[in-house]
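If you want the building blocks of each chain, they are given just below.
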Amino acid sequence: MKLTASFKRGVAQVKREWRAARYDQALSAVNRLLQDWPDNPRLLTMWGNLVQLQSEESGPALDEAHASLRRAVELDDDSPGAWKELGHFLSAVEDDARGASRCFDKTISLCKSMLAEALLANAQSLSELERREEALACIAEAYWLQSHNGKTHGAGGAKILDRLNELTTAE
């Protein structure tokens, strides 16, 4: 419990410093947090972003920021935030449009999948609340997302259609 509170306070401090454009202090705060949580994808992503905001003379090298962002996506391949930030880095710093596009595609795919899952879960809740039309709208949106994510032909699409059938045949 103490570690979690300490982590939250540390991240809040980083955010305060970042918003105040005190990037060197924010980076120092992330460095302190990384001592206790060295492989935390969120911290690695923050660190990589903050390095980019440092002056070249005083801050770590940009290749270290790149390595930090890469490590974040390796540790949490399902984190759309880390993929998005790596994409921004590749685009803005490395001028690697192809690599950036792959990262943004991954981000979009992860976000669509998460949103579809949340919509289906909400449809279930709305159905239990007897808010059938809203539940159907959630299912329709989930199906649309899956179809535009290239995933309606597998188990995901079948699951959505089964849930739609359950709601449309229920009285």
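This text follows the structure it describes.
Here's a quick rundown of the structure. Every chain is numbered on its own, with residues counted from 1 as its sequence reads. Only residues with pLDDT of 70 or above have their local features reported here, since the model is predicted, and side-chain atom pairs are shown and tallied only from 80 upward, although totals for entire chains, interfaces and linings are computed over all residues. Computation of side-chain values covers all heavy atoms of the structure but excludes hydrogens and water.

1. Describing helix α3 (residues 41-52)
In an α-helix there are 3.6 residues to a turn, and that puts residues three or four apart on one side. Let me state the cut-off plainly: Helix and strand assignments follow DSSP, with helices taken as H or I runs no shorter than four residues and strands as E runs no shorter than two, numbered in order from the N terminus. A helix's residues, less one, multiplied by 1.5 Å, set its expected span. When accessible area is computed with a 1.4 Å probe and restricted to protein chains, residues below 20% of their type maximum are described as buried, those above 50% as exposed, and intermediate ones as partly exposed. Counted as a polar contact is a pair of N or O atoms within 3.5 Å, where, for protein atoms, one must be capable of donating a hydrogen and the other of accepting one, and residues adjacent in sequence contribute only when both atoms are in side chains.
End to end, α3 covers 17 Å across 12 residues, agreeing with the expected 16 Å (1.5 Å per residue, within 8%). Counted residue by residue, α3 has 10 buried out of 12 residues, so it is predominantly covered. Among the residues making up α3, those that are buried are Pro-41, Leu-43, Leu-44, Thr-45, Met-46, Trp-47, Gly-48, Asn-49, Leu-50 and Val-51. Between the side-chain oxygen at the start of α3 and the backbone nitrogen of Arg-42 there is a gap of 2.9 Å, and the oxygen is on Asn-40.

2. Things to note about the nonpolar core
For clarity, the threshold we go by: The criterion is simple. A nonpolar core is a set of buried Ala, Val, Leu, Ile, Met, Phe, Trp, Tyr and Cys residues joined through side-chain atoms within 4.5 Å. Two residues qualify as a contact provided that any one of their heavy atoms is within 4.5 Å of a heavy atom in the partner residue.
In this structure, Val-14, Val-30, Leu-43 and Leu-86 are the most contacted members of the largest nonpolar core, which totals 28 residues. Of all the elements in the fold, those that place two or more residues in this core are α1 (2-19), α2 (23-36), α3, α4 (62-75), α5 (80-92) and α6 (97-128). Residues contacting Val-30, with those up to four places away along its chain left out, are Val-14, Leu-43, Met-46, Trp-47 and Leu-50. Membership of the second largest hydrophobic core comes to 10 residues, among which are Leu-120, Ala-123, Leu-126 and Ala-142.

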